[in-house]
Amino acid sequence: MRAAAPGSAAGPGRRMEGWGWALLCPAALLVVAELVWAPDPYGEECRTKTYPPSGPTFKGNVPTYIINLDLPPSKRWDNLIRDKKTELKTVVQNIKDIANTFFPSGKVVDIVDKKIVHLTDTLPYPFNEELKGIANSSGIPLGEIVIFNIFYEIFTVCTSIVAEDKTGKLYHARNLDFGLFLGWDVKNNSWTLTRELKPIVVSLDFQRNNKTVFKSTNFAGYIGMVSGVKPDLFTLTMNERFSLDGGYVGIFEWFLGRRDGMWMGFLTRTILENATSYQDAKDKLAKTRLLAPAYFILGGKKSGEGCVITRSRTATLDIWDLDIQKGTWYVIETNYDRWKPPLILDNRRTPAMKCLNQTTQENLSLPAIYDVLSTKPVLNKLTVCTTLMEVDNGHTETYLRECPDPCSPW
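Everything numeric in this text was worked out from a predicted model, so none of it was measured.

Enquirer: So what exactly am I meant to see when it comes to the pairing of strand 10 (residues 234-240) here?
Expert: When you tally the buried positions in strand 10, you get seven out of seven residues, the bulk of the element. Strand direction decides the pairing type here: strand 9 (residues 227-230) and strand 10, joined by four bridges, are antiparallel. Looking at strand 10, one finds that glycine 228 is bridged to leucine 236. In textbook terms, the turn of a hairpin is the stretch between consecutive antiparallel strands, and for strand 9 and strand 10 this stretch comprises three residues, one of which, aspartate 232, has a positive phi near 70°. By the bridge criterion, six bridges tie strand 10 to strand 11 (residues 294-299) in an arrangement that is antiparallel. Residue pairing in the sheet places glutamate 240 in a bridge with alanine 294 of strand 11.

Enquirer: Even after reading the chapter, I still don't get the environment of asparagine 189, so can you show me in this structure?
Expert: With respect to the secondary-structure elements, asparagine 189 resides in the loop between strand 5 (184-185) and strand 6 (190-191). In sequence terms asparagine 189 and proline 404 are 215 residues apart; their C-alpha atoms lie 9.7 Å from each other. For asparagine 189, the contacting residues outside a window of four places in its chain are Trp184, Lys381 and Asp405.

Enquirer: Honestly, the state of the cysteines in this entry has me stumped. Any pointers?
Expert: Linking two cysteines covalently through their sulfur atoms gives a disulfide. Per the counting criterion, the structure on display carries two disulfides. Paired by a disulfide, cysteine 46 and cysteine 355 hold their sulfur atoms 2.2 Å apart. Judged by the sign of its S-S torsion, about -95°, the bond between cysteine 46 and cysteine 355 is left-handed. Placement of cysteine 46 in the loop between helix 1 (12-37) and strand 1 (58-61) and of cysteine 355 in helix 10 (residues 349-359) is noted, with a sequence separation of 309 residues between them. An identical accessibility class is assigned to cysteine 46 and cysteine 355; each is buried. The disulfide partner of cysteine 403 is cysteine 407, and the gap between their sulfur atoms is 1.9 Å. Handedness here is read from the sign of the S-S torsion; for cysteine 403 and cysteine 407, about 105°, the answer is right-handed.

Enquirer: Would you explain the sheet that holds strand 13 (residues 316-321) in this entry?
Expert: Each strand in a sheet pairs with its neighbour through backbone hydrogen bonds, running either in the same direction (parallel) or in the opposite one (antiparallel). The strand order across the open sheet built from eight strands is 2-7-8-9-10-11-12-13, with neighbouring strands paired in mixed fashion. Strands at the two margins of the open sheet, each flanked by one partner only, are strand 2 (64-68) and strand 13. This sheet shows a mean twist of 20° between the axes of neighbouring strands, independent of strand direction. Note: strand 12 (residues 306-311) against strand 13, five bridges, orientation antiparallel. Each bridged residue has a counterpart across the sheet, and for isoleucine 309 the counterpart in strand 13 is isoleucine 319. Helix 8 (residues 264-274) contacts strand 7 (201-208), strand 8 (211-219), strand 9, strand 10 and strand 11 of the sheet and is inclined by roughly 175° relative to strand 10. Across the sheet, helix 9 (residues 278-287) lies against strand 10, strand 11, strand 12 and strand 13, angled at about 15° from strand 12, the strand it touches most.

Enquirer: I'm lost on the packing of aromatic side chains in this one. Help?
Expert: Each aromatic ring pair is described using two quantities: the centre-to-centre distance and the angle formed by the ring planes. Throughout the structure, instances matching the rule amount to 11 aromatic pairs. A centroid spacing of 5.8 Å and a plane angle of 70° characterise the contact between tyrosine 51 and tyrosine 370, whose relative ring orientation is edge-to-face. With tyrosine 51 in the loop between helix 1 and strand 1 and tyrosine 370 in helix 11 (residues 366-373), this residue pair connects regions lying 319 residues apart in the sequence. For the ring pair tyrosine 370 and tyrosine 399, a centre distance of 5.9 Å and an interplane angle of 80° mean the geometry is edge-to-face. Placement of tyrosine 370 in helix 11 and of tyrosine 399 in strand 16 (residues 395-401) is noted, with a sequence separation of 29 residues between them. Like tyrosine 370, the residue tyrosine 399 is buried in the burial classification. Clustering of aromatic rings is evident, with ring pairs tying together Tyr51, Phe58, Tyr370 and Tyr399.

Enquirer: What should I look at first to understand unusual backbone geometry in this one?
Expert: Keep in mind that most residues, glycine aside, have a negative phi and that most peptide bonds are trans. With an omega dihedral of 5°, the bond running from tyrosine 125 to proline 126 counts as a cis peptide bond. Positionally, proline 126 belongs in the loop between helix 3 (107-114) and helix 4 (127-138). Omega for the bond connecting lysine 376 with proline 377 falls within 30 degrees of zero, at 5°, which places this linkage in the cis form. Mapping proline 377 onto the fold places it in the loop between helix 11 and strand 15 (383-390). We note that aspartate 232 has phi near 70°; this positive angle belongs to a residue other than glycine.

Basis of the calculations
- Residues numbered from 1 in each chain as written.
- Predicted model: local features only at pLDDT ≥ 70, side-chain atom pairs only at ≥ 80, totals over all residues.
- Heavy atoms only, no water.
- Buried < 20%, exposed > 50% of the residue type's maximum accessible area, 1.4 Å probe, protein only.
- Helix = DSSP H or I, 4+ residues; strand = E, 2+ residues; numbered from the N terminus.
- Pairing = 2+ DSSP bridges.
- Contact = heavy atoms within 4.5 Å.
- Disulfide = S-S within 2.5 Å.
- Axes fitted to C-alpha atoms, helices over the stretch in contact; angles between N-to-C directions.
- Phe/Tyr/Trp six-rings, centres within 6.5 Å; stacked < 30°, edge-to-face > 60°.

As structure tokens, this is what we get:
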């Protein structure tokens, strides 16, 4: 309770103010304590036998498209965009509506359409030409296509796993969660953007000379990579890392002319296309300066080849490797540094680890990992799709997901 000013009396109002603070602090502590120790209201026992996908958590399969790298960059995406332009326009309009909600004047969208477009030429080749081609094929203004791609640098919330079974076989899987704080649909109890992204999820087969170079799971219109496999060499996923020195800072620096950092999605795609081995990919992910902090989850072909690389924009903070001899047969990443506890309201790590441990290394398989990724809250209202990968022959499977109520919003 604050002391009365010299020469004045602490009246009833001021005394009540002091009591208010005295009562508020224990009440606030009680709320926090309940959040910490109360059971997760959206949690459940580890799921089993959810594979092959079916039932209420399965929303559907995704189509596959070939991206011909022998074509000029401006033409590579034409077939895909021709099929998906209506759905892509819906997603882009949703993003514009959200921007107009916060800035009703419409100036933000006007800046995107008239100013951002000029920054396209500052992006590295061939990505700048590909973005122009997508704008031409879709009829969506180029600035809006650029912003659509930037969104994935700063709004991707995911769960990624690399695990090794008793025979030394490696598995890589992830839930792609997207749409946090981008419009909650009260009527349908869902994130609006998450729902609208599902129709534009695609599996891509990037080919050169009619041979697969790498495969990925993507959103139509997004030219970076968040999940991919280079057959018989490595698998790769990318998760957002929350940090004060985040993606906004790097993107702002790019706009101001500092362009020595690489866009995360462009880096992962470049590595999937050009890296010659697991170690080559690992070195590039660890050493390249980035526009945004990130987690890179990498799997290889040989026993022990699996890691989570924790990155700031300028440095590698940690590399967590598989180590079978020491009992580390899996690595897992959500969106928090492994040496820190996850956010109380977003603990996907603990239930995922519980379910992996319950599975055991002896019973590990892609269907078993799909069970883990189907268990709430690892599966949540933000989950767009689940991707399963094996490095052998570049095997990939992607399934659209749904999280029936009761379900965590994230």
